[in-house]
Structure formats: structure tokens, C-alpha cells
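# Survey of secondary and tertiary structure
Here's the letter readout for the chains.
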Amino acid sequence: MNDSAPSPDRSGEHWGQLAADLRDEVRRLRERIDAGSSPAPGAGRSPATGPGGPADLPAWQRPTRGEQRWEVSVAVGLMIVLQLALPGALTPVGRWTLPAIELVIAVILVAGNPFRIERSSPGRRAAALALLAVAGLANALAVALLIKDLVAGNGGDDPIPLLATGANIWIGNVIIFALLFWEFDRGGPAARAAATRPTPDFLFPQMADGSGLFRSWEPRFSDYAFVSFTTATAFSPTDTMPMSRWAKLAMMLESSVSLVTAALVIARAVNVLR
């Protein structure tokens, strides 16, 4: 009989210990898998910063505080001053008529949202659109009458007032289209603050940034003013792309007005230079 052969009792003990070690290893492996796949405490519940706004979204996609009023108020005030400075021949309905209407509407809008634009109503929306319509009418009349005079050769013989008038109308055109872009993009400033419309009409470069550096960025009036200015100077989009059809048509119209105004005024001014 071989004394080195394991006894039946010791053999059973060996295999039992091996099975226990195997069960422990399977248990530890299962615990690792469960720990890796289980959500962390609080995961799956995105804390909201507002009604329906997850905190991990960029600012322009979640509810935030409304933008401050002062930027757009300064722009409207400058637009009214420019209209008052136009020659009388370019204001057929009276020098003070349309600017006075704009001033009254602007005061009503400021009274409704004096510091931040956070509240909206059908009345406020109608007043904002009325301001835009009156300002657009005033500038359209000035452009049409200026073009009529230049084509007829009645633009005057002094290039300085002519260039000043052309610059006046051109800057007014930039401000009006900035207001238009600002008022209609995603339903207007109050709607943007409430994040009621996720699809942008203008795609700013900050919106396409995936690095997370612009998580707190959202468009303000100055951003739309920049879009309007570059559209009027480059006659095309630059860094911000129009996504909706109305935005594309509005940019086409602004570029056309800017091109015609600048071309005719400069040509006439060069022609009368001494």
C-alpha cells in the first residue's frame, strides 16, 4: 500500500476547500460587476434649475434669468436719436411723429420689465412687435426717399452731409435688424429665458462648442447686434448661421438694403467730391 496516496477524508476536504474558494471568488466578482453598473447615489435624477430644465444642459437650453434690459434700451434710444437727426426731406410723416410713437412704446415695455426681461404676455409681445414695425417703417421710408433722390440726381453737391445721412440710415438699419433677430429668435427674450423652444433660429458658435467652456453662455442683445453688423458689412453670414427660413430671408433683406444704400451713397459722394 502506497503511504503517499491521500486518504479519502483528506481528498474530500481538499475539494471542499477548492469549491469554497471558487464560490468566494465568484461572489467577489459579482460584487465588482454590481458596483460598476449600479448608479451612484442621486444618479438618474438630474437636479433641475427650473421647470423641466436639467442642470447639466448649457445655459441657452435651460431656464435661466432673463437678460438685462439696458442693452436693448440703449439701442432703441440710439435708433430714435438717429431718426430725429435725419433731414426733413427723408421724414415725410413728420420729424417727430414716428420717433414719438417709438418712445411711448419703449417706455411701456420698460415699465413692464424694468431691469430684466423675464415676464411676457400677449400685450407686451404686441407692443414689442409694434415698436419694431414703426421703426422699420421709418427706416424704410428714409431708404426709399434717399434712393429716389440719388437716382434722380438730387442728392446735393456737398458729400459730407450726404455721407452723414447715409451712415445714419445704415446704422439705423443695423439696429432695426438686430432688434428683429433678438425679438424673433426662439420666440423672443422671455421665451429664451424660459427655454420653451429648444430649436434655435440662429446657431451661434458657442452653441456648437463641445468642450464645456461655454456652459454658462446664452445669447444677449449684443450678440444679435454683432450678427446684424456683420451681415450688413459682409453681406452674408459670418460666424453665426441662420437655421430657419425667416432668419435667412431677414439676413438677405438686410444685406440688400445695406448694399444698395452704401453703393449709391458712396458713388454719389465720390461723384461730387471736389
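This text follows the structure it describes.
A brief structural summary. Quantities reported herein were computed from a predicted structural model and do not represent experimental measurements. (Residues numbered from 1 in each chain as written. Predicted model: local features only at pLDDT ≥ 70, side-chain atom pairs only at ≥ 80, totals over all residues. Heavy atoms only, no water.)

### Some thoughts on the packing of aromatic side chains
Short version of the rule: Aromatic pairs are defined between Phe, Tyr and Trp rings, using the six-membered ring for Trp, whenever the two ring centres lie within 6.5 Å; interplanar angles under 30 degrees are classed as stacked, those over 60 as edge-to-face, and all others as tilted. The way it works is that DSSP assigns letters per residue, a run of H or I at least four long becomes a helix, a run of E at least two long becomes a strand, and they are numbered from the N terminus. Exposed residues in this analysis have more than 50% of their type's maximum accessible area, buried residues have under 20%, and partly exposed residues fall in between, with area computed by a 1.4 Å probe over protein chains only. Only when the NZ atom of a Lys or the CZ atom of an Arg is both within 6 Å of the ring centre and within 35 degrees of the ring normal do we say a charge sits over the ring.
Summed over the entire model, instances satisfying the criterion amount to nine aromatic pairs. Ring geometry for tryptophan 182 against phenylalanine 221: centres 5.9 Å apart, planes inclined by 85°, an arrangement best described as edge-to-face. Taken together, the positions of tryptophan 182 in helix 5 (residues 159-184) and phenylalanine 221 in helix 7 (residues 221-234) put the pair 39 residues apart, joining distant regions of the chain. As far as the burial class goes, tryptophan 182 and phenylalanine 221 line up, both buried. Here a set of aromatic residues connected by ring pairs shows up, and it is made of Phe177, Phe181, Phe184, Phe202, Phe204, Trp217, Tyr224 and Trp246. The ring of phenylalanine 184 is capped by arginine 125, whose NZ or CZ atom sits 5.5 Å from the centre of that ring.

### Remarks on the environment of lysine 248
We apply this condition: Residue contacts are defined here by distance: any two heavy atoms, one from each residue, within 4.5 Å place the two residues in contact.
Checked against the element boundaries, lysine 248 lands in helix 8 (residues 245-272). With 12 residues separating them in the primary sequence, lysine 248 and serine 236 have C-alpha atoms 9.7 Å apart. Apart from the residues lying within four places of it in its own chain, the contact partners of lysine 248 are Pro242 and Met243.

### Focus on helix 7
Count 3.6 residues to each turn of an α-helix, and residues three or four apart come out pointing the same way. Condition: Between the first and last residue of a helix there are one fewer steps than residues, each counted as 1.5 Å, and that sum is the expected span.
Given a rise of 1.5 Å per residue, 14 residues ought to cover 20 Å, and the 20 Å separating the end C-alpha atoms of helix 7 matches this to within 8%. All of the buried residues in helix 7 are Phe221, Asp223, Tyr224, Val227, Ser228, Thr230, Thr231 and Ala232. In the stretch just after helix 7, phenylalanine 235 is the one whose phi turns positive, near 60°.

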